[in-house]
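# What the coordinates show
One letter stands for each residue in the lines below.
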Amino acid sequence: FRKNVEDFTGPRERSDLGFVTFDITADILNGKKCIFDWNVKQLFVYLSVEYSTKNNALNQVVLWDKVILRGDNPKLFLKDMKSKYLFFDDGNGLKGNKNITFTLSWNVVPNAGILPLVTGSGHVSVPFPDTYEITKSY
Amino acid sequence: QLYYQVLNFAMIVSSALMIWKGLIVVTGSESPIVVVLSGSMEPAFHRGDLLFLTNFHDDPIRAGEIVVFKVEGRDIPIVHRVIKIHEKENGDIKFLTKGDNNEVDDRGLYKEGQNWLEKKDVVGRARGFLPYVGMVTIIMNDYPKFKYALLAVMGAYVLLKRES
């Protein structure tokens, strides 16, 4: 799957806030078979970013999520999506950060049994710009 | 004959206790089986579902995982998903949770002034689940008469059972 991102950072109070837009094209399978076998009730799909900053060696933020119920199509074809949740850093580590990695993952929720967390193959890394976007105040 | 039956009963109770304590050790969690109490994780989990947890110390907490945690000072375990983590090089981690079915994150549930959860607040990670089975616990909590009736029936059964 691939993601295209357009982004800029803006400071709020004292932490960096990132804005991204993305496209997601994905087909969720279990190996070569359909992911929805007799024991799969639903999928909880989420897009997360992972990056490092001076403050924290590892940061992960979930930007967007969606529930795919049994019977729905496990293919995603979304364009120009905005993140559902605010992408705040713990500090000012987004400005000029060269490596923000986007990954799509999903939680398989069975009718009964084990709850696996699966990460999709393929991921996209993008950099954040070196400057803040000036927001107008009224 | 009565002595034998009382002994039998005591054996059953202590075996159950041993199994429970064994589970606590094996999973690393103080409460390896919890009942979902609210609808905040629907449609994945509903009130009454049973969750099986592990809490291994070396298991890292990562975004997307379903954790069961307790807010400092409260006894009620909450089952929600981790949506944000910030981990330092030495392994110190702070994270934020949110119920799938909730509009906002859990900051409103945390202690006054608390913005993040830490490893010590985690009771365990949800690894498996069984639907509906936990309803029995909820019914017993809401209707104590039912609990006593159940205990009476179980006690009567064990004491009246005849070894052939």
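Residues numbered from 1 in each chain as written. Chains lettered and ligands numbered in written order. Predicted model: local features only at pLDDT ≥ 70, side-chain atom pairs only at ≥ 80, totals over all residues. Heavy atoms only, no water.

As recorded in an unreviewed UniProt entry, chain B goes by the name Signal peptidase complex catalytic subunit SEC11, listed as coming from Centropus unirufus. Checking UniProt for chain B, the heading Subcellular location (unreviewed entry) contains the comment "Endoplasmic reticulum membrane". Per UniProt, chain B carries the Catalytic activity (unreviewed entry) text "Cleavage of hydrophobic, N-terminal signal or leader sequences from secreted and periplasmic proteins." (UniProt positions renumbered as here; feature names shortened; annotations may be inferred.)

Looking at an unreviewed UniProt entry, one finds chain A named Signal peptidase complex subunit 3, with Centropus unirufus as its source organism. What the UniProt record of chain A gives under Subcellular location (unreviewed entry) is the line "Endoplasmic reticulum membrane". Under the heading Sequence similarities (unreviewed entry), UniProt records this for chain A: "Belongs to the SPCS3 family."

Right, let's get into the overall build of chain B. Helix and strand counts for chain B stand at 3 helices and 7 strands. Its helices and strands taken in sequence order, chain B reads α-β-β-β-β-β-β-β-α-α from the N to the C terminus. Expected size for 164 residues packed as a compact globule is a radius of gyration near 15 Å; at 20 Å, chain B overshoots this value by more than 25%. Taken across its 164 residues, chain B has 37% of its residues classed as buried. Taken as two groups, the 20 positive and 20 negative side-chain charges of chain B have centres that lie 4 Å from each other. (Helix = DSSP H or I, 4+ residues; strand = E, 2+ residues; numbered from the N terminus. Rg over C-alpha atoms; globule rule 2.2 N^0.38 Å. Buried < 20%, exposed > 50% of the residue type's maximum accessible area, 1.4 Å probe, protein only. Lys, Arg positive; Asp, Glu negative; His and termini not counted. Charge placed at Lys NZ, Arg CZ, Asp CG, Glu CD.)

Glycine aside, residues mostly have negative phi angles, and peptide bonds mostly take the trans form. Residues and elements named next belong to chain B. Geometrically, the link from Glu42 to Pro43 is a cis peptide bond, its omega value of 0° lying close to zero. Mapping Pro43 onto the fold places it in the loop between β1 (33-35) and β2 (50-54). Positive phi values are uncommon outside glycine, yet Tyr132 reaches one of about 65°. Among the secondary structure elements, Tyr132 is positioned in the loop between β7 (122-130) and α2 (135-142).

Opposite the 29 residues of chain A that make contact, chain B presents 28 residues. Summing both partners gives a buried area of about 2,200 Å² for chain A against chain B, and 56% of it is carried by carbon and sulfur. It is Leu58(A), Gln60(A) and Leu115(A) that lose the most area in chain A upon contact with chain B, and together they represent 26% of the buried surface on that side. The interface formed by chain A and chain B holds 0 salt bridges in total. For the pair chain A and chain B, the interface holds 16 residue pairs in polar contact (both at pLDDT 80 or more). Those elements that place two or more of their residues in the side of chain A that touches chain B are β5 (40-51), β6 (58-69), β9 (100-110) and β10 (113-114) of chain A. For the side of chain A that touches chain B, the leading source of residues is β6(A), giving 7 residues. Considering only residue class, the side of chain A that touches chain B consists of 18 nonpolar, 8 polar and 3 charged. Inspection of the sheet shows β6(A) paired to strand β4 (residues 77-87) of chain B by 4 bridges, in the antiparallel sense. (Contact = heavy atoms within 4.5 Å. Buried area = accessible area lost by both parts, 1.4 Å probe. Salt bridge = Lys/Arg side-chain N within 4 Å of Asp/Glu carboxyl O. Polar contact = N/O pair within 3.5 Å; in protein donor to acceptor, adjacent residues only side chain to side chain. Nonpolar A, V, L, I, M, F, W, Y, C, P; charged D, E, K, R; others polar. Pairing = 2+ DSSP bridges.)

Before going further, it helps to spend a moment on the pairing of strand β5 (residues 93-98) of chain B. All names here are of chain B. Counting buried residues in β5 gives 5 out of 6 residues, a clear majority hidden from the surface. Direction of pairing for β4 relative to β5: antiparallel, over a ladder of 6 bridges. From the neighbouring strand, His86 faces β5, where its bridge partner is Lys94. Counted between consecutive antiparallel strands, the loop separating β4 from β5 contains 5 residues, among which Gly91 sits at a positive phi close to 100°.

Looking now at the pairing of β5(A). Residues and elements named next belong to chain A. In terms of burial, β5 is largely enclosed, as 11 of its 12 residues are buried. Bridge count between β5 and β9: 10 bridges; the pairing is antiparallel. Bridged to Val40 within β9 is Pro110.

General note: in soluble globular proteins, nonpolar side chains tend to be found buried as a group. Residue and element names in this part refer to chain A. Grouped together as the largest cluster of nonpolar side chains are 28 residues, with contacts concentrated most on Ile24, Leu43, Val45, Trp64, Leu76 and Phe87. Of all the secondary-structure elements, those providing two or more residues to this core are β2 (15-27), β5, β6, β7 (75-82) and β9. For this core, the element with the most residues is β5, which contributes 6 residues. Those residues in contact with Leu76 that sit more than four places away from it in its chain are Ile24, Thr25, Ala26, Val45, Trp64, Lys66, Ile68 and Leu104. (Core = buried A, V, L, I, M, F, W, Y, C linked by side-chain atoms within 4.5 Å.)

As a further point, take the domain arrangement of chain B. Note on interface size: it is often stated as the accessible area lost on association of the parts. Segmenting chain B into domains produces domain 1 (1-131) and domain 2 (134-163). Centre-to-centre separation of domain 1 of chain B and domain 2 of chain B, based on C-alpha positions: 26 Å. (Domains from an automatic or database assignment.)

Before going further, it helps to spend a moment on the packing of aromatic side chains. All told, the structure shown has 4 aromatic pairs over all chains when counted by the stated rule. Plain terms: the ring middles of Tyr51(A) and Phe87(A) are 5.8 Å apart, the flat faces sit at 55° to each other, and that makes the pair tilted. With Tyr51(A) in strand β5 and Phe87(A) in strand β8 (residues 87-88), this residue pair connects regions lying 36 residues apart in the sequence. Comparing Tyr51(A) with Phe87(A), the two get one shared label, buried. The side chain of Arg81(B) reaches across the aromatic face of Phe44(A), ending 3.7 Å from its centre. Taking the ring centre of Trp116(B) as reference, the NZ or CZ of Arg107(B) above it sits at 4.7 Å. (Phe/Tyr/Trp six-rings, centres within 6.5 Å; stacked < 30°, edge-to-face > 60°. Lys NZ or Arg CZ within 6 Å of the ring centre and 35° of its normal.)

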